[in-house]
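Structural characterization, general
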Amino acid sequence: MELFRQHRPELEEMLRSGAIRYVVEWWEEDSLDIDENAHIFFQFEGDGEFIWDFLTPRQLHDELNDLLAIAGITWEYGFELHFGSNILYPPDLAGQPYYEISPQPPKKWWEQVFDYLTGNGGEQWVRRKDLPLP
């Protein structure tokens, strides 16, 4: 929450400038060893590419809504058990996933056992290839 509050003035300025490219909410695979699994990231254009990613605990809901309203984005806090994503901006892509599973080569039996024992599903998630480039 502190990181979000620290960068909020910069985020507001960039949202007002129209440099926004993507706003995406995403969720980590839920686990007992993490407090929150929900995130939101902002991707901006400009002299280089700027991406800010923040955890989104329920306590930030109102502050995030006020910030997102600058770009005309409505948002409700959501919880997902499994990794996933949802584009909030641009409007023509809103509601679509941002990430997709990257195809992986077949694994040997011992790699599968290792993934199972470490809780790694072995999935690799990447930005969807059909999305417009920033």
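These lines cover the structure that appears in this document, whether it is placed above or below.

Reading the values: the criteria
Residues numbered from 1 in each chain as written. Predicted model: local features only at pLDDT ≥ 70, side-chain atom pairs only at ≥ 80, totals over all residues. Heavy atoms only, no water. Helix = DSSP H or I, 4+ residues; strand = E, 2+ residues; numbered from the N terminus. Buried < 20%, exposed > 50% of the residue type's maximum accessible area, 1.4 Å probe, protein only. Contact = heavy atoms within 4.5 Å. Polar contact = N/O pair within 3.5 Å; in protein donor to acceptor, adjacent residues only side chain to side chain. Patch = residues over 30% accessible without salt bridge, like charges linked within 9 Å, V, L, I, M, F, W, Y side chains within 5 Å. Areas by Shrake-Rupley, 256 points an atom, 1.4 Å probe, with all protein chains shown as cover. Salt bridge = Lys/Arg side-chain N within 4 Å of Asp/Glu carboxyl O. Pairing = 2+ DSSP bridges. Expected span 1.5 Å × (residues − 1). Bend = angle between axes of the 7 residues up to and from the residue. Core = buried A, V, L, I, M, F, W, Y, C linked by side-chain atoms within 4.5 Å.

1. Topic: the environment of E25
- Take E25: it is sitting in strand β1 (residues 20-27).
- Of the residues examined, E25 reaches a relative accessible area of 8% and is grouped as buried.
- E25 sits 72 residues away from P97 along the chain, and the two C-alpha atoms are 9.3 Å apart.
- If we skip the residues at most four places from it in the chain, E25 touches H39, I40, W75, E76, G84, S85, N86 and L88.
- Side-chain polar atoms of E25 contact the side chain of W75, separated by 2.9 Å.

2. With respect to a nonpolar patch on the surface
- Judged by side-chain polarity, W109, W110, V113, Y116 and L117 come together as a nonpolar surface patch covering roughly 700 Å² of accessible area.
- You can see Y116 is positioned in helix α3 (residues 109-118).

3. Things to note about the pairing of strand β4 (residues 84-89)
- Most of β4 is tucked away: 5 of the 6 residues are buried.
- Bridge count for β1 against β4 is 5 bridges, and the pairing is antiparallel. Across the sheet, the residue bridging to W27 is G84, located in β4.

4. Let's talk about helix α1 (residues 2-17)
- In this model, α1 (16 residues) spans 24 Å end to end at C-alpha, consistent with the 22 Å of a helix rising 1.5 Å per residue.
- Maximum bend of α1: about 50°, positioned at R8, with proline P9 one to four residues after it.
- Residues of α1 that are buried include every one of F4, H7, R8, L11, M14 and L15, and no others.
- Just downstream of α1, G18 is the residue with a positive phi angle, here 85°.

5. Observations regarding the pattern of salt bridges
- Under the definition given, this model contains 6 salt bridges.
- Among the salt bridges present, the one from R5 reaches E63, with a minimum N-O distance of 2.5 Å. Here R5 is found in helix α1, whereas its partner E63 is found in helix α2 (residues 61-69), with 58 residues between them in sequence.
- R5 gets classed as partly exposed once you look at its relative accessible area, which sits at 35%.
- Residue E12 is joined to R8 by a salt bridge in which the shortest nitrogen-to-oxygen separation is 2.8 Å.

6. Thoughts on the nonpolar core
- L11, V23, I40, F42 and F44 are the most contacted members of the largest nonpolar core, which totals 22 residues.
- Setting aside chain neighbours within four positions, we find L11 in contact with F4, F42, F44, W52, F54 and L67.
- Counting residues in each nonpolar core, the second largest holds 8 residues, with W26, F41, L93 and L131 among its members.

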